[in-house]
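One-letter residues, chain by chain:
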Amino acid sequence: MRTARTAATLMAVVALAAGCSSSGGKTSEDKADGSTGGKSAGTPRLKIAMVTHSGEGDTFWDIVQSGAEQAAAKDNVQFLYSNDKEAKGQAELVQSAIDKKVDGIVVTLAKPEAMKAVLAKAKDAGIPVVTINSGGEFSQAFGALTHIGQDESVAGEAVGRELDERGRKKALCVIHEQGNVSLEQRCAGVRKTFKGTVENLNVDGTDAPSSQSSIEAKLQAAKDIDAVVALGAPVAAVAVKAKQDAGSEAEVDTFDLNAAVVKSLKAKDVGFAVDQQPYLQGYLAVDELWLYRTNANVIGGGKPVLTGPAIVTEKDVPKLEKYTARGTR
């Protein structure tokens, strides 16, 4: 696995999180299935809400939740998850969490301006906030303790360089949620470093048949497209089908990792994937709020804590299969 960018703080954070677990040592090592084992932390019961912009059928968020639930079990935390792909709905869910007087909020900033006012209300209510996954550049300004995720522009640039190394000349960058700043940053990053040409295509990621038809039509109309860059694992599966039906020779590559993507890498239906470690995003976000509430800690000194990107190819399949199968990678 070739890491495009690393964060030194992340290693310290993981070590700290492990040290805070009451089930450390051999007991934890023996739990190869990812379960906590032992007892939860002996700290007061906390209630933490996570509110994301996830749409229907996006398995990425299942992995984020898995990490958050693991940390919550360890930290004696009641974990509340909710999501809405519409910015207004997401903001309303954050307000609902504030009304429930939760002890902390984890939130994504895919459409940051829609979240600004409600996060100000959280701050006024004395509820600490951690942002994850998207909109990291807005995190500090909106009063969050820290942001946990990858730099989307840097991730896109890593993809552009990888496409160059693979000799690609024309890429189709498929945006599955129009207006999502992080997805736009990914495509812009690809365009910045890729020596070939990049064309964006907007599709509805929650409507797989429609998305497949749009990608297929584009590949049939532009035979010179030799790379399709999906910005999420579910879209990658759709793109593979669209490529096959279109009779295209384009290579499908993708952001994000799950069990289906690893199988596609193994079968060489997908050339490479960009892993931003969603499990770690969920885990560290809950752990950070627990640490802040119980010990006034702020990981990364308030600076973004990077969980990616890393380029994953078929060579990495053997060491990833068991983790993706259990839903932690």
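Residues numbered from 1 in each chain as written. Predicted model: local features only at pLDDT ≥ 70, side-chain atom pairs only at ≥ 80, totals over all residues. Heavy atoms only, no water.

Novice: Sorry, what's going on with helix 8 (residues 181–193) here?
Specialist: Residues that lie three or four places apart on an α-helix share one face, since the helix turns once every 3.6 residues. Along its 13 residues, helix 8 runs 19 Å from first to last C-alpha, staying within 8% of the 18 Å computed at 1.5 Å per residue. Among all positions of helix 8, only V181, S182, L183, Q185, R186, C187, G189, V190 and T193 are buried. Summarising the contacts, the buried residues of helix 8 are in contact with helix 6 (136–139), strand 6 (147–150), helix 7 (152–165), strand 7 (170–175), strand 8 (197–202) and strand 10 (251–255). Of the residues flanking the start of helix 8, the one acting as N-cap is N180, its side-chain oxygen 2.9 Å from the backbone nitrogen of S182. (Helix = DSSP H or I, 4+ residues; strand = E, 2+ residues; numbered from the N terminus. Expected span 1.5 Å × (residues − 1). Buried < 20%, exposed > 50% of the residue type's maximum accessible area, 1.4 Å probe, protein only. Contact = heavy atoms within 4.5 Å. Polar contact = N/O pair within 3.5 Å; in protein donor to acceptor, adjacent residues only side chain to side chain.)

Novice: Sorry if this is basic, but what is going on with the environment of V107 here?
Specialist: Within the fold, V107 resides in strand 4 (residues 104–107). A residue is classified by how much of its surface remains accessible, and V107, at 1% relative accessible area, is buried. For V107, the residues in contact, after removing those within four places along its chain, are V51, Q90, V94, M115, L119, V129, V130, T131 and I132.

Novice: What exactly am I supposed to notice about the pattern of salt bridges here?
Specialist: Two side chains of opposite charge can pair, provided their charged atoms sit close to one another. The full count for this structure, using the stated rule, is 14 salt bridges. Of the charged contacts, one joins R186 and E152 as a salt bridge, the two residues approaching to 2.8 Å between their closest N and O atoms. Placement of the pair is R186 in helix 8 and E152 in helix 7, with a sequence separation of 34 residues. With a relative accessible area of 3%, R186 lands in the buried category. The residue E251 makes a salt bridge to R168 at a minimum N-O spacing of 3.3 Å. In this pair, E251 sits in strand 10 while R168 sits in the loop between helix 7 and strand 7, placing the two residues 83 residues apart along the sequence. Residue classification places E251 among the buried positions, given a relative accessible area of 13%. Taken together, the shared-partner salt bridges connect E162, R166, R168 and E251 into one network. (Salt bridge = Lys/Arg side-chain N within 4 Å of Asp/Glu carboxyl O.)

Novice: Looking at this structure, I do not really get the packing of helix 7 against helix 8. What am I missing?
Specialist: Packed helix pairs are characterised by how far apart their axes lie and by the angle those axes make with each other. Interaxial distance between helix 7 and helix 8 falls to 6 Å at its minimum, and their mutual angle equals 40°. In terms of their interaxial angle, helix 7 and helix 8 are classed as oblique. Here helix 7 runs over helix 8; the crossing is right-handed. Of the residues in helix 8, those touching helix 7 at E152, S153, G156, E157, V159, G160, R161, L163 and D164 are S182, Q185, R186, G189, V190, K192 and T193. Across the contact of helix 7 with helix 8, the residue classes tally to three nonpolar, seven polar and six charged. (Axes fitted to C-alpha atoms, helices over the stretch in contact; angles between N-to-C directions. Parallel < 35°, antiparallel > 145°, perpendicular 65-115°, else oblique. Left-handed = near helix turned anticlockwise from the far one by under 90°. Nonpolar A, V, L, I, M, F, W, Y, C, P; charged D, E, K, R; others polar.)

Novice: Hey, could you run me through the environment of E216 in this one?
Specialist: Checked against the element boundaries, E216 lands in helix 9 (residues 208–221). What makes E216 buried here is its relative accessible area of 18%. Note: C-alpha distance between E216 and G247 (31 residues apart in sequence) is 9.0 Å.

Novice: Can you help me understand the packing of aromatic side chains in this one?
Specialist: For any pair of aromatic rings, the description consists of the separation of the ring centres together with the inter-plane angle of the planes. This structure, assessed with the given rule, holds three aromatic pairs. Measuring from centroid to centroid gives 5.0 Å for F60 and W61, while their planes differ by 75°, and the two rings are edge-to-face. A single burial state applies to F60 and to W61, both of which are buried. (Phe/Tyr/Trp six-rings, centres within 6.5 Å; stacked < 30°, edge-to-face > 60°.)

Novice: What am I meant to see in the side chain of Q90 here?
Specialist: When you line up the elements, Q90 lands in helix 4 (residues 87–99). Judged by relative accessible area, Q90 falls into the buried class, the value being 2%. Of the polar contacts made by the side chain of Q90, one reaches the side chain of T108; its length is 3.0 Å. Setting aside its immediate chain neighbours within four residues, Q90 contacts V51, T52, H53, D84, V107, T108 and M115.

Novice: Please explain the state of the cysteines as it appears in this structure.
Specialist: Each disulfide consists of a covalent bond between the sulfur atoms of two cysteine residues. By the definition in use, this model includes one disulfide. Disulfide pairing is shown between C173 and C187; the S-S distance is 2.1 Å. Residues C173 and C187 are joined by a disulfide whose S-S torsion is about -90°; by sign, that bridge is left-handed. You can see C173 sitting in strand 7 and its partner C187 sitting in helix 8, a full 14 residues away along the chain. By the burial criterion, C173 is buried, and C187 matches it. (Disulfide = S-S within 2.5 Å.)

Novice: For this particular structure, what's the right way to read unusual backbone geometry?
Specialist: Note on backbone geometry: most residues besides glycine have negative phi, and most peptide bonds are trans. Here the amide bond leading from G308 into P309 is cis, since omega sits at 10°, within 30 degrees of zero. One non-glycine residue, K101, adopts positive backbone phi at about 55°. Within the element layout of this structure, K101 appears in the loop between helix 4 and strand 4. One non-glycine residue, Q277, lies in the positive phi region at around 55°.

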